[in-house]
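# Structural description and commentary
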Amino acid sequence: MSVHLHWFLPTGGDGRTLVDRHAYTDGGVKRSRITPVSGVRAPDIEYLAQIAKAAEHLGFEAVLTPTGTWCEDAWLTTMALAQQTERLKFLVAFRPGLISPVLAAQMAATYQRVTRGRLLLNVVTGGDATEQRRFGDHLDHDRRYARTAEFLSVVRGVWEGRPYDFDGEHFQVEGGLTALPPDPLPEIFFGGSSPAAGPVAAEHADVYLTWGEPPAQVKEKIDWIRSLAEERGRTVRFGIRMHTISRDSARDAWATAGRLLDDLDPGTVAAAQQALGRSESVGQQRMLALHGGSRDDLEISPNLWAGVGLVRGGAGTALVGSHAEVADRIEEYHELGIEHFVLSGYPHLEEAYWFGEGVTPVLAERGLLAQVPASPLLGVAGGGGTQPPGGGGAGGTGGAPLLLAGGR
């Protein structure tokens, strides 16, 4: 079992701070700077293309794009970026139930043909009732997972290439059909820590994705999902979603983590913790429990830092250390059964280079990568515009209200 490395596309904005404020500074859509925030980068297609090209150049297999009302649409954005890349796959996050499962199956099939097989799917059931209502979705937590199970049953049924009927509580389909099924079928990534989520993952997921908890807790999740899948005669693979701060020395890495923490004033942290505490997501509550809202003892496991989760919804931990130390931790998770590592860092362009030039060669030397990427230091062509930008000051904490984005 080899390690698969993926990166993240910040389609809601990027920068040198952990706090998301892009929605209140227009995200660069209007290109105005009425309420500028230091260190924030707009998620325009030019900047996202730099990250996508860098990820491809550095040997990442795919990039995850989030879903929500706080970011650009993942389907449209990644289709545009697919035209500017050659091999990079796109792990497109979407919410089942907001569109017809037959339409979703058709979209995936078209996407595969247009991109020549570069689509992966990240199914996000949704753990925040407030955000779900923004989409017009008023189901409670457990019923959303029940609907997800039906949704994926229809999608897989329609992909069989012949008329498909389904009569469920949430969907009724007569003769559902995708005339030309996707080839290959997109792998389905799925996450969820609640009792309602486990059976859905066991029945429908190709890859079960967890946020970056300490190894012992991750092992418990793997054992849980693996047991449920075996009861159904299935095999599920596993992935983990976390951030990275990798440097030439551990001292430099922890100094960077400290700077990110220093940017956060107590009021910002308190507001974020209050908002995140209202989430229905069991996974989000597990993230919050790792630090309890305190800045003390944020290294919750060797090289695993919970500081990101003080203000950020969703993935709230980062691997922090020297390149060898970060590789050690990846190898530790890999030994537990984790195959896919979906990574990110602030800012995403620079951190992709730190990881790709520092950690990836170490993993290759250890024989953990199925395909060793060419060294980006050897002048291998990887598309224009992939060098880290020189601009951007230190991230500030003032100037705009707090926006909490989760589930990514």
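Residues numbered from 1 in each chain as written. Predicted model: local features only at pLDDT ≥ 70, side-chain atom pairs only at ≥ 80, totals over all residues. Heavy atoms only, no water.

## Observations regarding the packing of helix 7 (residues 215-231) against helix 11 (residues 323-336)
Spelled out, the test is: What counts as an axis is a line fitted to C-alpha atoms, over the stretch in contact for a helix, and the angles between N-to-C directions run from 0 to 180 degrees. Helical segments are the DSSP runs of H or I of at least four residues, strand segments are the runs of E of at least two, and each set is numbered from the N terminus. In these notes the angle categories are as follows: under 35 degrees is roughly parallel, over 145 is roughly antiparallel, 65 to 115 is roughly perpendicular, and the rest is oblique. In this scheme the handedness of a crossing depends on how the near helix is turned from the far one: anticlockwise by less than a right angle means left-handed, clockwise means right-handed. A contact between two residues is defined here by any heavy atoms of the two lying within 4.5 Å. The residue classification treats Ala, Val, Leu, Ile, Met, Phe, Trp, Tyr, Cys and Pro as nonpolar and Asp, Glu, Lys and Arg as charged. All others, Gly included, are polar.
With their axes 10 Å apart at the nearest point, helix 7 and helix 11 run at an angle of 25 degrees to one another. For the element pair helix 7 / helix 11, the angle class is roughly parallel. Our pair here, helix 7 against helix 11, has a crossing hand that is right-handed. Mapping the contact onto sequence places Pro-215, Val-218, Lys-219 and Ile-222 in helix 7 and Glu-332, Tyr-333 and Leu-336 in helix 11. Of the residues contributing to the contact of helix 7 with helix 11, the split by class is five nonpolar, no polar and two charged.

## As for the confidence of the model for the protein chain
Low pLDDT marks stretches whose predicted atomic positions should not be read closely. To keep it simple, the criterion reads: Per-residue confidence from the predictor is given as pLDDT, running between 0 and 100.
Looking at the protein chain, pLDDT values average 87 and 86% of them are 70 or higher. For residues 22-29, every residue scores under 50 in pLDDT, and the model assigns this stretch 23 contacts once sequence neighbours within four places are set aside. Scored below 50 in pLDDT, residues 378-405 makes 71 contacts in the model with residues more than four places away or belonging to other chains.

## Focus on the pairing of strand 7 (residues 164-167)
The line we're drawing: Exposure is judged per residue with a 1.4 Å probe applied to protein chains only, and the accessible area is read against the type maximum: over 50% gives exposed, under 20% gives buried, and values in between give partly exposed. Strand pairing is assigned whenever DSSP identifies at least 2 bridges connecting the two strands.
Every second residue of strand 7 is oriented toward a common face, the buried set being Tyr-164 and Phe-166 and the non-buried set Asp-165 and Asp-167. When strand 7 meets strand 8 (residues 172-176), the two strands line up antiparallel, connected through three bridges. Residue pairing for strand 8: Asp-167 is matched across the bridge by Gln-172. Linking strand 7 to strand 8, which pair antiparallel, is a turn of four residues.

## Remarks on the packing of helix 2 (residues 74-82) against helix 3 (residues 101-115)
Direction vectors running N to C along helix 2 and helix 3 enclose 15 degrees, while the axes themselves pass 11 Å from each other. By the angle class used here, helix 2 and helix 3 are roughly parallel. As for the relative orientation of helix 2 and helix 3, their crossing is left-handed in sense. Within the contact between the two elements, helix 2 uses Trp-75, Thr-78, Met-79 and Ala-82 and helix 3 uses Met-107, Ala-108, Tyr-111, Val-114 and Thr-115. Residue composition of the contact of helix 2 with helix 3, grouped by class: seven nonpolar, two polar and no charged.

## Considering unusual backbone geometry
Cis geometry marks the peptide bond from Asp-183 to Pro-184; its omega dihedral reads 0 degrees. Structurally, the position occupied by Pro-184 is in the loop between strand 8 and strand 9 (188-190). In this model, Tyr-346 is joined to Pro-347 through a cis peptide bond whose omega is -10 degrees. Note on placement: Pro-347 falls in the loop between strand 15 (338-344) and helix 12 (348-365). Non-glycine residue Asp-297 carries a positive phi angle of around 55 degrees. Looking at the element boundaries, Asp-297 is found in the loop between helix 10 (282-289) and strand 12 (299-301).

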